[in-house]
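Okay, here's what each chain looks like letter by letter:
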Amino acid sequence: MRLAGDRPQGTRRAAPQVIWVRQIRAQPREIAMNRRNILWSAVSALGAALGASRAQAATEAPPSNKLKVVYHLSDAEKVNFVLGNIQNHIDGVGGPEHVTIALVIHGPALKAFHWAQANPDISKRVGDFSKDGVELAACGNTMKAQNVTLTDLLPGFVSAEKGGVVRLAELQSQGYLYLRP
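Just so we're clear, the structure is a prediction, and the values are computed from it rather than from any experiment.

Caption draft 1: Region of interest: the environment of Leu 73. With respect to the helices and strands, Leu 73 occurs in strand E1 (residues 67-73). Taking the C-alpha atoms as reference points, Leu 73 and Leu 179, 106 residues apart in sequence, are found 9.2 Å from one another.

Caption draft 2: Main features of the nonpolar core. With 27 residues, the main nonpolar core has Leu 73, Ile 86, Leu 103, Ile 105, Phe 113 and Phe 157 as its most contacted residues. Where this core is concerned, the elements lending two or more residues are E1, helix H2 (79-92), strand E2 (99-105), helix H3 (120-131) and strand E3 (135-139). Residue contributions to this core peak at 5 residues, all from H2. Ignoring sequence-local partners within four residues, the contact set of Phe 157 consists of Ile 105, Phe 113, Val 126, Leu 136, Ala 137, Ala 138 and Leu 150. Judged by nonpolar contacts, the second largest core, of 8 residues, contains Val 70, Ala 137, Leu 171 and Tyr 176.

Caption draft 3: Structural context of the pairing of E2. Among the 7 residues in E2, 6 count as buried, and that is most of the element. The pairing of E1 with E2 spans 7 bridges and is parallel. Of the residues in E2, the one forming a bridge with Val 69 is Ile 101. Chirality of the crossover, the property in question, places the unit of E1, H2 and E2 among those that are right-handed. Here 4 bridges tie E2 to E3, and the two strands are oriented parallel to one another. From the neighbouring strand, Ala 102 faces E3, where its bridge partner is Glu 135. Crossover connection from E2 via H3 to parallel E3: handedness right-handed.

Analysis parameters
Residues numbered from 1 in each chain as written. Predicted model: local features only at pLDDT ≥ 70, side-chain atom pairs only at ≥ 80, totals over all residues. Heavy atoms only, no water. Helix = DSSP H or I, 4+ residues; strand = E, 2+ residues; numbered from the N terminus. Core = buried A, V, L, I, M, F, W, Y, C linked by side-chain atoms within 4.5 Å. Buried < 20%, exposed > 50% of the residue type's maximum accessible area, 1.4 Å probe, protein only. Contact = heavy atoms within 4.5 Å. Pairing = 2+ DSSP bridges. Right-handed = clockwise from strand over helix to strand, strands pointing away.

Here it is, written out as structure tokens:
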């Protein structure tokens, strides 16, 4: 009877067993190297894709340094406050050439901009804003409710025919920041 480890005399341990043992010992290292190669390839491909998309975006539209802001005004008692904020905003960024501003007015606040009722300070500010390129949008629904047309409002207004809230959403979808003082 042979015991474990005994072998007949004159026989040698077979070489394939040694190679097999070496392959098992080398396998985890090879797996780790393959994982690193796969990971490196994936990261490289992702980086190339992001670089290509940024390059394409840069050629399509040059980045604008001008901040775009839309002010929302519906409260009649906040008219002077909001107009003051807009002027402070323009002054704070160094002039109208450094910012794009829109003012969307609806509800009771629109009455302050009726040509026949507007006080001289509001008329002057609206005229200045219009010259500075501020979009002055009056809600079409509010205009109908107040029975006024653009000719009844101070010069410089445009009609937000679909409504003031729709115009606000459109501007926000174009990258405007929303402010409601």
